[in-house]
Amino acid sequence: MTSLNTTGKVVRRKIRVGRGIGSGKGKTSGRGVKGQKSRSGVAIKSFEGGQMPLYRRLPKRGFNSLKDFKVAKINLDKIQMFIDKKKLNPSETINVEVLKKLQIINKNSIKLKILGKGEIKDKISIQTDLISKSAIEKLKKIGSSIQINKK
């Protein structure tokens, strides 16, 4: 009587390379013939592009300025839209901190620039770092106060 025993461990014999041609892994031991990959004790180098030697290992050039600051830009029509939605209060001074708190501009922004696209109806008070000429004209026309921060 024969029965398969599935609970027992299946044991496969280890292939012993270099033990004669009858083993199937004799002579070259499954490494093929000649070349760097067939030899022992030689590290295989990765290909780093042709022509120019060690192309990928060239040092990086250039320079990252420490004075690199993030400037948030906002147009007058956007400010008017937020005033209409009652998100901004026209009687309060509009500055970087207020806009960051209301998540209108990015929290990583350091400076604020007001641009002159669109129209603004409400009289507002703005404290900014940079402002365009067209924005100054439009804000002065409706009697808004502008305070520009010096560096």
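Presented here is an overview of the structure given in this document. This one's a predicted model, so the numbers in the text were calculated from it and none came from an experiment.

Strand order in the open sheet formed by three strands is β1-β3-β5, with parallel pairing between adjacent strands. Of all the strands in the sheet, the pair left with one neighbour each is β1 (71-75) and β5 (130-131). Bridging between β1 and strand β3 (residues 111-115) involves five bridges; their strand directions are parallel. Counterpart to Asn75 in the pairing with β3 is Leu115. On the sheet, helix α1 (residues 76-84) packs against β1 and β3 and is oriented at approximately 75 degrees with respect to β1.

Moving on: the pairing of strand β4 (residues 125-128). Here β4 shows one buried face, formed by Ile126 and Thr128, and one open face, formed by Ser125 and Gln127. Where strand β2 (residues 93-94) meets β4, two bridges bridge the pair, whose relative direction is parallel. Bridging across to β4, Thr93 finds its partner in Ser125.

When the charged atoms of two side chains lie near each other, side chains of opposite charge can form a pair. For the coordinates displayed, the defined rule picks out one salt bridge. Here Glu119 ties to Lys138 by a salt bridge, and the two come within 3.9 Å at their closest N and O atoms. In this pair, Glu119 sits in the loop between β3 and β4 while Lys138 sits in helix α3 (residues 133-141), placing the two residues 19 residues apart along the sequence. A relative accessible area of 22% means that Lys138 is categorised as partly exposed.

Cut-offs applied
- Residues numbered from 1 in each chain as written.
- Predicted model: local features only at pLDDT ≥ 70, side-chain atom pairs only at ≥ 80, totals over all residues.
- Heavy atoms only, no water.
- Pairing = 2+ DSSP bridges.
- Helix = DSSP H or I, 4+ residues; strand = E, 2+ residues; numbered from the N terminus.
- Contact = heavy atoms within 4.5 Å.
- Axes fitted to C-alpha atoms, helices over the stretch in contact; angles between N-to-C directions.
- Buried < 20%, exposed > 50% of the residue type's maximum accessible area, 1.4 Å probe, protein only.
- Salt bridge = Lys/Arg side-chain N within 4 Å of Asp/Glu carboxyl O.

None of this, on its own, says anything about what the molecule does.
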